[in-house]
Amino acid sequence: MPLADLIGYRDSIYALDGALVRQLVDTATTADHRYTPSNARRAARKLDTQAMYESWQKEYRALKKKSRNMSDVWYSQQIAKMDIAQGRDAETIRKHMKK
């Protein structure tokens, strides 16, 4: 807003429009204008996570065919050693590999 709209000149005196200043202060946002939460980024991360879980499930089924009668912990430990684990713990993999 231009400064000329806030200041008035009457009777050889400059005056500040207090009501307009209060309105500007009340409508001002305190949030950082550079950061806006993005639902698209959140949705993309969710899809990436789901794809990772699906890769674990696919590998679990492949390992189950190769090595039968092993425990779920063993399968999750084998997957944790692979690149598809993306640094996740074997217990986390075990929780999501059978769904």
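Please read these numbers as outputs of a predicted model, since none were measured by experiment.

(A) Quick peek at the overall build of the chain. Helix and strand counts for the chain come out as five helices and two strands. Along its sequence from the N terminus, the chain presents helices and strands in the succession α-β-β-α-α-α-α. The C-alpha atoms of the chain give a radius of gyration of 30 Å, which is well past the 13 Å a tight globule of 99 residues would have. With respect to the three principal axes, the spread of C-alpha positions in the chain is 95 × 20 × 20 Å. Burial analysis of the chain (99 residues in total) assigns 15% to the buried set. Counted over contacts in the chain with a minimum sequence separation of 6, partners at least 24 positions apart contribute 33%. Charged side chains in the chain number 19 positive and 12 negative. The centres of these two groups are separated by 15 Å.

(B) Examining the pattern of salt bridges more closely. Under the counting rule described, the total for this entry stands at two salt bridges. The closest approach of N and O atoms between Asp 72 and Lys 98, which form a salt bridge, is 3.0 Å. Of this pair, Asp 72 sits in helix H4 (residues 72-80) while Lys 98 sits in the segment after helix H5 (90-96), and the two are 26 residues apart along the sequence. On the accessibility criterion, Asp 72 (23% relative accessible area) is partly exposed. Residue Lys 98 is classed as partly exposed on the basis of its relative accessible area, which comes to 49%.

Calculation rules
- Residues numbered from 1 in each chain as written.
- Predicted model: local features only at pLDDT ≥ 70, side-chain atom pairs only at ≥ 80, totals over all residues.
- Heavy atoms only, no water.
- Helix = DSSP H or I, 4+ residues; strand = E, 2+ residues; numbered from the N terminus.
- Rg over C-alpha atoms; globule rule 2.2 N^0.38 Å.
- Buried < 20%, exposed > 50% of the residue type's maximum accessible area, 1.4 Å probe, protein only.
- Contact = heavy atoms within 4.5 Å.
- Lys, Arg positive; Asp, Glu negative; His and termini not counted.
- Charge placed at Lys NZ, Arg CZ, Asp CG, Glu CD.
- Salt bridge = Lys/Arg side-chain N within 4 Å of Asp/Glu carboxyl O.

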